[in-house]
Amino acid sequence: MQRQDTAKDIYREALPVILISLIAGLFAGTVLGSETMRAGIAEVPGLLLLLPAFLATRGGVYGSLGARLSSGLHQGVIEPKFELTTPLSNAIAASFINGMVVSTFIAVVAFLILQLTGQAGSLLQLVGIMLIAGLLSAILMLSVLVTVIIVGYRRGLDPDNLIGPVVTTLGDVFGVVFLLVGIELMDVIL
Amino acid sequence: MAIGGEPVSQQFTAEWSIGRMVRTMVPLLATLSVLQMVSGSVLETFESTLVANPALLVLVPVQIGTAGNLASIMCSRVSTQLYLGTFELSPTNSVVRANTAAVFGLAGTVFGIVGVAAWAIGQALGGVLTLPEVLTISLVSGLLLAGLVVVLSLVSVQVAYRLGYNPDDTTIPVVTNLCDITGVLLLFGVVVVVV
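Residues numbered from 1 in each chain as written. Chains lettered and ligands numbered in written order. Predicted model: local features only at pLDDT ≥ 70, side-chain atom pairs only at ≥ 80, totals over all residues.

A. The overall build of chain A, seen in detail. When helices and strands are counted, chain A shows six helices and zero strands. Secondary structure elements of chain A, listed N to C terminal, follow the sequence α-α-α-α-α-α. Across its three principal directions, the C-alpha atoms of chain A cover 55 × 35 × 30 Å. Out of the 190 residues in chain A, the part that is buried amounts to 52%. (Helix = DSSP H or I, 4+ residues; strand = E, 2+ residues; numbered from the N terminus. Buried ≥ 20, exposed ≤ 12 C-beta atoms within 10 Å, placed from the backbone.)

B. Main features of the overall build of chain B. Scanning chain B from N- to C-terminus turns up seven helices and zero strands. Listed N to C, the secondary structure of chain B is α-α-α-α-α-α-α in terms of helices and strands. C-alpha extents for chain B along the principal axes are approximately 65 × 35 × 25 Å. Scored against the burial criterion, the 195 residues of chain B give a buried share of 50%. Of all intrachain contacts in chain B linking residues separated by at least 6 positions in sequence, the fraction that spans at least 24 positions is 78%. (Contact = placed C-beta atoms within 7 Å.)

C. Quick look at the nonpolar core. All names here are of chain B. If you look at the biggest cluster of nonpolar residues, it comprises 121 residues, and the most contacted ones within it are Leu70 and Val149. Among the elements that take part in this core, helix H4 (residues 54-84) stands out by supplying 16 residues, more than any other. Ignoring sequence-local partners within four residues, the contact set of Leu70 consists of Val103, Leu106, Ala107, Ala146 and Val149. (Core = buried A, V, L, I, M, F, W, Y, C linked by C-beta atoms within 7 Å.)

D. Structural view of the interface of chain B and chain A. Across the contact, 64 residues belong to chain B and 61 residues belong to chain A. Counting residues per element, the ones that place at least two in the side of chain B that touches chain A are helix H2 (18-45), H4, helix H5 (94-124) and helix H7 (167-194) of chain B. In terms of residue count, H4(B) provides more of the side of chain B that touches chain A than any other element does, 19 residues in total.

E. Geometry of the UniProt feature "transmembrane region" (unreviewed entry) in chain A. Residue and element names in this part refer to chain A. Taking the UniProt record as the reference, the feature "transmembrane region" (unreviewed entry) is found at residues 14-34, 46-65, 91-114, 126-150 and 162-183. Measuring from the first to the last C-alpha atom of residues 91-114 gives 34 Å, for a span that is 100% helix and 0% strand. In residues 126-150, the share of helix is 100% and the share of strand is 0%. The end C-alpha atoms are 35 Å apart. (UniProt positions renumbered as here; feature names shortened; annotations may be inferred.)

F. Quick peek at H5(B). With 31 residues, H5(B) extends 45 Å between its outermost C-alpha atoms, agreeing within 8% with the 45 Å of an ideal straight helix rising 1.5 Å per residue. Phi for B:Gly126, located one or two positions after H5(B), is positive at around 90 degrees. (Expected span 1.5 Å × (residues − 1).)

G. Broad picture of the UniProt feature "domain: SLC41A/MgtE integral membrane" (unreviewed entry) in chain A. Per the UniProt record, the feature "domain: SLC41A/MgtE integral membrane" (unreviewed entry) sits at residues 52-180 of chain A. What you have in residues 52-180 of chain A is 84% helix and 0% strand, and the ends, taken at the C-alpha atoms, are 15 Å apart.

H. Summary view of the packing of helix H1 (residues 7-32) of chain A against helix H6 (residues 159-189) of chain A. Residue and element names in this part refer to chain A. It is the contact of H1 with H6, at a shortest axis distance of 9 Å, that shows an interaxial angle of 10 degrees. Taken as axis vectors, H1 and H6 run roughly parallel relative to one another. Between H1 and H6, the residues in contact are Glu13, Ala14, Val17, Ile18, Ile20, Ser21, Ala24, Gly25, Phe27, Ala28, Val31 and Leu32 and Asn161, Leu162, Pro165, Thr168, Thr169, Asp172, Val173, Val176 and Val177, respectively. The residue makeup of the contact of H1 with H6, split by class, is 14 nonpolar, five polar and two charged. (Axes fitted to C-alpha atoms, helices over the stretch in contact; angles between N-to-C directions. Parallel < 35°, antiparallel > 145°, perpendicular 65-115°, else oblique. Nonpolar A, V, L, I, M, F, W, Y, C, P; charged D, E, K, R; others polar.)

I. Structural context of the environment of B:Ala118. Structurally, the position occupied by B:Ala118 is in helix H5. Not counting chain neighbours up to four residues away, the residues in contact with B:Ala118 comprise B:Ala55, B:Val58, B:Leu59, B:Val134 and B:Ser138.

J. Looking closely at the packing of H1(A) against H4(B). Where H1(A) contacts H4(B), the two axes come as close as 7 Å, and the packing angle between them is 150 degrees. In terms of their interaxial angle, H1(A) and H4(B) are classed as roughly antiparallel. The interaxial crossing formed by H1(A) with H4(B) has right-handed handedness. Residues A:Ala14, A:Ile18, A:Ser21, A:Leu22, A:Gly25, A:Leu26, A:Ala28, A:Gly29, A:Thr30 and A:Leu32 of H1(A) touch H4(B), and the partners they reach there are B:Leu57, B:Val58, B:Leu59, B:Val60, B:Pro61, B:Val62, B:Gly65, B:Thr66, B:Asn69 and B:Ile73. Partitioned by chemical class, the residues of the contact of H1(A) with H4(B) number 13 nonpolar, seven polar and no charged. (Left-handed = near helix turned anticlockwise from the far one by under 90°.)

K. Broad picture of the confidence of the model for chain B. Residues and elements named next belong to chain B. When the pLDDT values of chain B are averaged, the result is 84; 94% of them are 70 or greater. Mean pLDDT across the elements of chain B bottoms out in helix H1 (residues 6-15) (61) and peaks in helix H6 (residues 131-162) (92). Overall, residues 1-6 carries pLDDT values under 50, and its contacts beyond four positions in sequence, including any with other chains, amount to three contacts. Among the prediction metrics, the complex's ipTM stands at 0.82, with pTM recorded as 0.75. (pLDDT = per-residue confidence, 0-100.)

L. Spotlight on helix H4 (residues 86-116) of chain A. With 31 residues, H4(A) extends 44 Å between its outermost C-alpha atoms, agreeing within 8% with the 45 Å of an ideal straight helix rising 1.5 Å per residue. Phi for A:Gly118, located one or two positions after H4(A), is positive at around 70 degrees.

M. Structural detail: the confidence of the model for chain A. When the pLDDT values of chain A are averaged, the result is 87; 98% of them are 70 or greater. The lowest-confidence element of chain A is helix H2 (residues 35-43) of chain A, averaging 78 in pLDDT; the highest-confidence one is helix H5 (residues 123-154) of chain A, averaging 94.

N. Representation of the environment of B:Leu82. Locating B:Leu82 in the fold gives a position in helix H4. Contacts of B:Leu82, omitting those with residues within four sequence positions, involve B:Phe87, B:Val157, B:Tyr161 and B:Pro167.

Following this line, the structure appears as structure tokens:
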């Protein structure tokens, strides 16, 4: 399989999905600036501190899952079918573990930074928010990402061009929304 | 690709084990999360500027998202080409040239649109920044970011490959995170100059 795309090919193939994720980013920005979110930021010490790490981790976890699946498809290690055969199910399980472990870690680090800089903060609250947001993200990202890559590949699209936009689009919009869900739920629980 | 003898498939089995994927990724992601706290601190520092100028608040996720997007496309494509044997770290390599030109083209397009959109949303939310200000901030920081994406993607795929890591596992987290952090720094660097 020899592909030598020109810059124009890459641009054309990537632009539509990038524009969709751009709209999602603008939506996320608007959610971020909403009254509820700003109230959350004010109420939960450390939220702004862990926001970039939380958003980026999902990019790292699910972006690399996507790239791995794409290389697997190109190499023929993974078949473009909805069957949980070993390479595919392993990759999914590993991504889930990675996502949850790192989400918890982020909450702990943010808490430690707050402690070190003499700011108030609740470890339980931060860990709870990250676990809820991380779990909801994992369920959504894993199901959508695997579907999009397999369906895209079957239809002759290059999965490499789909991963980034899918991950950032869902990650941006739902990351901020799931963070809000986490804040609200922990508010009820605590 | 029906070729690939026994050693290759054994290598794949090891490469696709859960334990190995977790052991490779968790320390890396954990380290990068700690680095991300740099962006978090920057956001905290500029909190009052962000609240006063809603257009900038809108720019933040787009800036971070597009950085990750472009980096992910570039790394993913380059590492696939590496497996296919067509990539070489050289300014005359056709994979390098095509991907670099595409990333700059995409960045110019996206950050032009973003500048206008963020200005409009900012106006609706009661912001005071002018269109030229927001557009300049968006385009200048966006094109600087594109240059960074290109350099970091190419170098990191090459380095990962040389060190014997799977570039898919390693380059995307590293490059997207570095671009996120630098993206926020570039954004607020330009903001300080323009606003």
